[in-house]
Amino acid sequence: MRIAYIHAGMRFESYVGSPIYDAVCRGMSMKGKGSIDFFDARCDPVRLLAGKVRFDGVLGTIPAGARRKGWHVLSRKVPSVDVMIDSGAKRGNYAGTDEADGIRKIMDHLCAEGHEHIGYFGTSAEGFARARYRAYREYMREHSLMVRRAWMFGPDAGSAPRLLFSRHANKRFEAFVSARIDAVLGMKERPSAMVFESDLAAYMFITRGRSLRIPADMAITGFDDKKPGDGDDFPLTTCAQDFTAIGKAAVDLLCDIMSGDRPRTGNQVLIPPRLIIRRSSRKRTLERSAMDDGFAAEVRRSIEEHYADENLSHALSDMLGFNHKYFLDKFHAVFGVHYIDYLNDLRLTRAEELLRNTDDAVTEILLDTGFKSHQNFNRFFQRRYGMTAARYRAKHR
């Protein structure tokens, strides 16, 4: 079995040492099933199809541009999966980040910090950028938060090309983003928080808006967990994407399609990102007393030791002298996520470790990690890993 991976948004020499590209490639392991050939922006998908080497399937990261039409021709002829960027093919296959989940986590955190006036700062018109902006708009509507057009810079208001997944801005991108930043800084009434589509744009805002006190004057969040290539390393709240998991999910999905285990079209595997809360968005939290640090340490320790206990939240409430609702509200405020989401995330991590490293039955593992039914366990496990526990174990043993 031979697979091709085309990244049409880069040239190899530009991405030497790129942590994102390296992580994606690490995930694309065939584990004895075959081989993967890697191509960059110089590869014409149509010529690849007509070449001497026959590929059984193709993976592609295809930004908007000249290569996309050729990619669509190729993907109709050979089993294919879009990786990280949805190429817009009708009923195409896709493996990437759950963008909506990441934005919801960011918005939940900002609301827990007391923000009701939240803006959005987009820069791209790619599929992932549109998904993030759409999730922001839906969250604002669902939670009846104030929406002001002046505070929203989405894809419909224009976009700028840039070297995707790079830590540096090119001149056109820098000029475009700088103009938007100046528009925000010049507002008579600004939002109390701004969700940035990417860390790169957020760091540019921090550098250009040095007169602002962050988060006192405005809380900001990014997306990508990428430190700037140069300049200040400000503690930015962001969502970390698991690019290794995305690379692996893409290969697994393509192999399943080629083997007939999945239909030829319309498949999607989304990997939830991880919210990382740092100083840039913690206005209310920073104003709290040091008691919250003790609360967080005690609760984190107890959950790690007793995560399988179905009555753990009540036990923690009693231990801390809180009523149950107050404990749940305080947990959300301090940790930035809901208690049950934090707990289930830890349980799934432990279950995944047991599946890989033990011969315990799946039923035994789900009970040992705190899940009380196959239905709940399978739903949560598939949502996070894109497959059943049994299939995940078979692929990783």
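Scoring rules and cut-offs
- Residues numbered from 1 in each chain as written.
- Predicted model: local features only at pLDDT ≥ 70, side-chain atom pairs only at ≥ 80, totals over all residues.
- Heavy atoms only, no water.
- Core = buried A, V, L, I, M, F, W, Y, C linked by side-chain atoms within 4.5 Å.
- Buried < 20%, exposed > 50% of the residue type's maximum accessible area, 1.4 Å probe, protein only.
- Helix = DSSP H or I, 4+ residues; strand = E, 2+ residues; numbered from the N terminus.
- Contact = heavy atoms within 4.5 Å.
- Expected span 1.5 Å × (residues − 1).
- Pairing = 2+ DSSP bridges.
- Axes fitted to C-alpha atoms, helices over the stretch in contact; angles between N-to-C directions.
- Disulfide = S-S within 2.5 Å.
- Salt bridge = Lys/Arg side-chain N within 4 Å of Asp/Glu carboxyl O.

Asker: Tell me about the nonpolar core, and name the residues and values.
Answerer: Counting residues in hydrophobic clusters, the biggest one holds 26 residues, and the most contacted among them are Tyr5, Met28, Leu59, Val81, Val83, Met84 and Phe243. At the level of secondary structure, the elements contributing two or more residues to this core comprise strand 1 (2-7), helix 1 (19-27), strand 4 (80-83), helix 8 (243-259) and strand 11 (268-271). Among the elements that make up this core, the one with the highest residue count is helix 8 (9 residues). When near neighbours in sequence (up to four residues on either side) are disregarded, valine 81 contacts Val58, Leu59, Gly60, Trp71, Asn93, Tyr94, Ala95, Ala250, Leu253, Leu254 and Ile257. Within the second largest apolar cluster, 23 residues are counted, among which are Phe153, Val177, Met204 and Ile206.

Asker: Lay out helix 8 in plain terms, naming residues and giving numbers.
Answerer: Helix length check: helix 8 (17 residues) gives 24 Å between terminal C-alpha atoms against 24 Å at 1.5 Å per residue, within 8%. With 12 of 17 residues buried, helix 8 is to be regarded as a mostly interior element. For helix 8, the set of buried residues is Phe243, Ile246, Gly247, Ala249, Ala250, Val251, Asp252, Leu253, Leu254, Cys255, Asp256 and Ile257. Within two residues after helix 8, glycine 260 carries a phi angle of roughly 90°, on the positive side.

Asker: Explain unusual backbone geometry to me, using residue names and the numbers behind them.
Answerer: Cis geometry marks the peptide bond from isoleucine 214 to proline 215, where omega comes out at 10°. With respect to the helices and strands, the residue proline 215 is situated in the loop between helix 7 (199-208) and strand 9 (219-221). Positive phi, close to 55°, is recorded for aspartate 225, a residue that is not glycine.

Asker: If you had to explain the sheet that holds strand 9 to someone new, which residues and values would you point to?
Answerer: In space, the 4 strands of this open sheet follow the order 7-6-8-9, with parallel pairing throughout. Looking at strand neighbours, the two that pair on one side only are strand 7 (152-153) and strand 9, the edges of this open sheet. Both strand 8 (residues 193-196) and strand 9 contribute to a ladder of 3 bridges, which runs parallel. From the neighbouring strand, alanine 193 faces strand 9, where its bridge partner is alanine 219. Running over the sheet, helix 5 (residues 127-142) touches strand 6 (118-121) and strand 7 and is turned about 170° from strand 6. In the packing of helix 6 (residues 171-185) onto the sheet, contacts are made with strand 6, strand 7 and strand 8, and the angle to strand 6 comes to roughly 165°.

Asker: Before we move on, can you summarise the pairing of strand 11 with the specific residues and values?
Answerer: Along strand 11, the buried face is formed by Val269 and Ile271; none of Gln268 and Leu270, which line the opposite face, is buried. As paired strands, strand 5 (residues 94-97) and strand 11 are joined by 4 bridges and run parallel to one another. Paired with threonine 97 across the strands is isoleucine 271, a residue of strand 11.

Asker: Which residues make up the state of the cysteines, and what values go with them?
Answerer: Enumeration over the complete set of coordinates arrives at 0 disulfides. Free cysteine cysteine 43: the closest other cysteine sulfur is in cysteine 25, separated by 14 Å.

Asker: Outline the pattern of salt bridges, listing residues and values.
Answerer: Tallying each qualifying case throughout the model produces 20 salt bridges. For arginine 384, the salt bridge is made with aspartate 345, and the minimal N-O distance between the two is 3.0 Å. A residue pair is termed long-range when its members are at least 10 positions apart, and arginine 384 in helix 15 (residues 374-385) and aspartate 345 in helix 13 (residues 339-357) qualify at 39 residues. Linked by salt bridges that have partners in common, Asp256, Arg262, Arg391 and Lys395 make up one network.

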